[in-house]
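Examining the three-dimensional arrangement
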Amino acid sequence: MLLRVVTPRRRGRRGRRPRRRAVKPHRAFDPRRVGTLETEAWVTYYRHEWFAFLRAAVSLTHHTFGLPWPQTLYGAWLVLRANQLWAPVPDNDPDGARRAMAKFYSMVARRHRETIDPARAATLEVEWWRVHREHQRGPDAEHRPGSDAHERILAEEQPLVDALAALYAYTYGTDSSAVRVAAEQRALAMRYSDQWVSDGCDLESPLVPLEREALVRSYAGLLAAVYRT
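Residues numbered from 1 in each chain as written. Predicted model: local features only at pLDDT ≥ 70, side-chain atom pairs only at ≥ 80, totals over all residues. Heavy atoms only, no water.

Bringing the side chain of Arg133 into the picture now. Within the element layout of this structure, Arg133 appears in helix H5 (residues 118–136). Nearest to the buried, unbridged Arg133 among oppositely charged side chains is Glu134, at 9.5 Å. Within polar-contact distance, the side chain of Arg133 engages the backbone oxygen of Ala87 at 3.0 Å. Sequence-distant contacts of Arg133, that is, excluding residues within four places in its chain, are made with Trp86, Ala87, Pro88, Val89 and Asn92. (Helix = DSSP H or I, 4+ residues; strand = E, 2+ residues; numbered from the N terminus. Buried < 20%, exposed > 50% of the residue type's maximum accessible area, 1.4 Å probe, protein only. Lys, Arg positive; Asp, Glu negative; His and termini not counted. Salt bridge = Lys/Arg side-chain N within 4 Å of Asp/Glu carboxyl O. Polar contact = N/O pair within 3.5 Å; in protein donor to acceptor, adjacent residues only side chain to side chain. Contact = heavy atoms within 4.5 Å.)

Time to look at the pattern of salt bridges. With the rule as written, the count across this model stands at eleven salt bridges. For Arg130, the salt bridge is made with Glu127, and the minimal N-O distance between the two is 2.6 Å. Note that Arg130 and Glu127 are positioned in helix H5 at a spacing of three residues, about one turn of the helix. Accessibility expressed as a relative area gives 31% for Glu127, which makes it partly exposed. Across the pair Arg191 and Glu156 runs a salt bridge whose closest N-O atoms are separated by 3.2 Å. Taken together, the residues Arg191 in helix H8 (residues 180–199) and Glu156 in helix H6 (residues 149–156) connect sequence positions 35 residues apart. Look at Arg191 and you get buried, because its relative accessible area is 3%. Here Glu156 falls in the partly exposed class, since its relative accessible area comes to 27%.

Moving on, we come to the nonpolar core. Phe29, Phe104, Trp128, Trp129 and Leu222 are the most contacted members of the largest nonpolar core, which has 57 residues in total. If you list the elements that add at least two residues to this core, you get helix H1 (31–46), helix H2 (50–65), helix H3 (69–86), helix H4 (94–112), H5, helix H7 (158–172), H8 and helix H9 (207–226). In this structure Leu222 touches Phe29, Tyr168, Tyr172, Val179 and Ala182, once residues within four positions along its chain are discounted. (Core = buried A, V, L, I, M, F, W, Y, C linked by side-chain atoms within 4.5 Å.)

This next bit is on the packing of aromatic side chains. Counted by the stated rule, this structure contains nine aromatic pairs. Summarising the aromatic geometry, the rings of Tyr45 and Tyr46 are spaced 5.1 Å apart at their centres and angled 80° between planes, so their arrangement reads as edge-to-face. Looking at Tyr46, the relative accessible area reads 29%, which means it is partly exposed. Ring centres of Tyr45 and Trp50 lie 5.8 Å apart, and the angle between their planes is 80°; on these two criteria the pair is classed as edge-to-face. (Phe/Tyr/Trp six-rings, centres within 6.5 Å; stacked < 30°, edge-to-face > 60°.)

Okay, unusual backbone geometry next. A cis geometry characterises the amide bond from Val89 onward to Pro90, with omega recorded as 5°. Take Pro90: it is sitting in the loop between H3 and H4. Unusually for a residue other than glycine, Cys201 sits at a positive phi of about 60°. Locating Cys201 in the fold gives a position in the loop between H8 and H9. Residue Cys201 is classed as buried on the basis of its relative accessible area of 10%.

Put into structure tokens, the structure is as follows:
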């Protein structure tokens, strides 16, 4: 008869097993869920379907940052307000957008005990908005994504990828190289979204699932870089 040797598990004080520290929820999101929610938020925003947009934005905030519902609602409002202040062209209010986003990041930092400067995080957030807007209105804005879209992002959209990587690295406390894939795939999703808007926001466009796939890959890359206890 074969005997199975059982190794005793380590126990803490008074014979209890040591408790395993939980992973913070903003480091343990579901990439498929949040990528799908962000796609829905982008699509409904550009189609001016405001009720559907608000629903998607609230769910996205909840599932990405792991906030309880009262803070989720306030956080979603802060992000929406920041976007409202940023949106007008050319008379937008970047300082107001940064103030709103600083309040959002302050709330996230307190909730999850992250040692970040909310003002710095807000500056990095609004910076990638600025870079993306320059791309939208620049000479490359009409380039249709194709099979070489990823290579063109590396060649043409380095400022956007760098800005996204800087935000991810700072807010999650990791190296920018670790979040590079996440930044590249998010930039690719924006390229698909921009082209979709330029084409007329057709729900049946093949660009919508391409956008969603890129966002899911982006969040999967981010999760791989930031998942830790």
